Amino acid sequence: MKKKMLQFVSLEHATPDKRKTGERKGDFHEIYKEFIKDKAEEQSSRCSQCGVPFCQIHCPLHNNIPDWLKLTAEGRLKEAYEISQSTNNMPEICGRICPQDRLCEGNCVIEQSGHGTVTIGSIEKHITDTAWEKNWVKPIKVKKEINQSIGIIGAGPAGLACAEELRKYGYQITIYDKYDRPGGLLIYGIPNFKLEKFVVERRTKLLKESGIKFIQNFEVGRDKDLNELKNNHDALLIATGVYKPREIEVPGNDLKNIFPAMEFLTASNRKGLGDKVELFDNGTLNAQDKNVVVIGGGDTAMDCVRTAIRQNAKSVKCLYRRDRENMPGSAREVSNAIEEGVEFIWQTAPKKFIGDEVIKEVQVNKMKLGLADASGRKKPEIEENSEYNIEADIVIKSLGFDPENLPKLFSTPELIVSRWGTIKIDLDTMQTNIDSVFAAGDIVRGASLVVWAIKDGRDAAENINKFLKQKALEKSKVKAA
Ligand SMILES: Cc1cc2nc3c(=O)[nH]c(=O)nc-3n(C[C@H](O)[C@H](O)[C@H](O)COP(=O)(O)OP(=O)(O)OC[C@H]3O[C@@H](n4cnc5c(N)ncnc54)[C@H](O)[C@@H]3O)c2cc1C
Ligand code: SF4
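Residues numbered from 1 in each chain as written. Chains lettered and ligands numbered in written order. Predicted model: local features only at pLDDT ≥ 70, side-chain atom pairs only at ≥ 80, totals over all residues. Heavy atoms only, no water.

Turning next to the environment of I110. Note that I110 resides in helix α7 (residues 109–112). For I110, a relative accessible area of 13% puts it in the buried group. Along the chain, I110 and I390 lie 280 residues apart, while their C-alpha atoms are 44 Å from each other. Residues contacting I110, with those up to four places away along its chain left out, are R46, C47, S48, H115, G116 and V118. (Helix = DSSP H or I, 4+ residues; strand = E, 2+ residues; numbered from the N terminus. Buried < 20%, exposed > 50% of the residue type's maximum accessible area, 1.4 Å probe, protein only. Contact = heavy atoms within 4.5 Å.)

Take a look at the structure:
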């Protein structure tokens, strides 16, 4: 019998027609559709092994894509896995959630010649899912323990990748995280329909089995400040991500049932993980049978609209002030959302929230695109006398994230941050201006992607290793003198 595997495919979702007839529940094919192993080989063999691997160049991790495609085409999956995992700490996660249309697949030569991309992400996922299934994925066996310790603040992809790479050298690693589960946005941000939580949990379990210590429910700034933590370790990595939601300043913002995106998504993810979530259970954060309005046009907004659809909302509308071409979110996500029945209202911005204690309507203005601003994008301008009202039982604000005020939060006013609040690092060493303190991931880049966080975590590990080796050398010289 042929082995059944899962493949990332373009979605065959419930159509708006099906939604009207109530056929929606349970008929999402989600992101994965069953396919046979031969299909992976067939897809991989479509790679032309072109001399200039644009896919590899445009993958932030520079994954050796042509090599693992060739091995997969030849049915040599174990070797393909070895190559894949040598540059990526979470290939099966990237395979699921990287915006491939903007990275590897978007630059595939076959795609560019109009014949459709090799489905690199789905093959990457297939290789490592198979490795898990066949028990090829093993915890790290340290050859020689090193008596130096690193504290990592934040168990998101940047912190986890850094921890794994440093543990391979034999360092003693402790990860501190303010949430009850490790994984950062992989657990509480990205919805289950894009990234099943067991996929993240088996990764963190593996790291625990590799000897990495996790301290959950530990908030740096509340439970210990940065300098106290620094005294316990030879080096520290700050990988805390960015969580402060950008606000929208319009009248009525304080009405009930207006939520920031992360509150809505976290509640939904917690429910999926089996937690008791009072605000979801009492209906407040559950979109079922409600008219939902999501404000924003990025990937987080797409996650909100698609989550609301899966919660059986009565209607889901997405307001974005620019046009479709200028939406920051992945084009694939937008198409998927439309296919599922989300109504996009482009070139529209909220003017005020209307209601009597509780939100009832969003008054909006139509927008037109004016001259390009400093960023080169056309600036949206209000069209005079264009107001109208949209019915809303729940509004979700998804306008992006900024860093929290870390110097204040960590009681380290000396920590240098950029004018956006991201941590400034020396680009050669990834060290902050505080000795032995490094930083990586979204807290340095601003809101970005998982694959970039992994890349930063790996680079930070290399730099921390260099730093600690030097520190140990200096110590031994002092001892010898
Ligand atoms: C809703 C949503 C959907 C997304 N979807 C995608 C996607 O499909 N594909 C993609 O590539 N990217 C996606 N992203 C972006 C991606 O999740 C992030 O770029 C990535 O997780 C950043 O990794 P990180 O390790 O820097 O930070 P995070 O993942 O944010 O992890 C930071 C960790 O630090 C912890 N922390 C914060 N402050 C403290 C403190 N004071 N003390 C202790 N611990 C602390 C947090 O609890 C958290 O666990 C999405 C983001 C969001 C919000
Ligand atoms: S990590 Fe992301 S960009 Fe790189 S090959 Fe995998 S899916 Fe493509």
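For the rest of this paragraph, the subject is unusual backbone geometry. A negative phi angle is the norm for most residues apart from glycine, just as the trans form is the norm for most peptide bonds. Notably, E357 is not glycine yet its phi reads approximately 75°, a positive angle. Looking at E357, the relative accessible area reads 56%, which means it is exposed. Even without being glycine, M430 reaches a positive phi, approximately 65°. Position of M430 relative to the elements: it lies in the loop between α17 (406–409) and β18 (437–439). Given a relative accessible area of 8%, M430 falls into the buried group.

This next bit is on the site of ligand 1. Near ligand 1, the surroundings consist of 34 residues, among which I97, D177, V220, Y243 and D442 are the closest. Contact between ligand 1 and P157: an oxygen atom at 3.3 Å from a main-chain N or O atom of the residue. Here an oxygen atom of ligand 1 and a backbone polar atom of D442 are 2.9 Å apart. Coverage of ligand 1 by the protein amounts to 97% of the 1000 Å² it exposes when considered alone. Taken together, the elements giving at least two residues each to the shell around ligand 1 come down to α9 (157–169), α15 (299–310) and α19 (450–480). Here the shell around ligand 1 is composed, by residue class, of 19 nonpolar, nine polar and six charged. (Near = heavy atom within 4 Å. Polar contact = N/O pair within 3.5 Å; in protein donor to acceptor, adjacent residues only side chain to side chain. Areas by Shrake-Rupley, 256 points an atom, 1.4 Å probe, with all protein chains shown as cover. Nonpolar A, V, L, I, M, F, W, Y, C, P; charged D, E, K, R; others polar.)

Tallying each qualifying case throughout the model produces four cavities of 30 Å³ or more. In this model, the largest cavity occupies a volume close to 110 Å³. Lining the largest cavity are 15 residues, with C47, C50, C55, C108 and V109 sitting closest to its centre. Elements with a minimum of two residues in the lining of the largest cavity: α3 (54–58), α4 (65–73) and α7. Residue classes in the lining of the largest cavity are distributed as 13 nonpolar, two polar and no charged. In this structure, the second largest cavity spans a volume of roughly 80 Å³. (1 Å grid on protein atoms, 1.4 Å probe; cavity = no way out; pocket = protein on both sides within 12 Å on 5 of 7 lines; lining within 4 Å. Points joined across faces, edges and corners; volume = space filled by probe spheres on them.)

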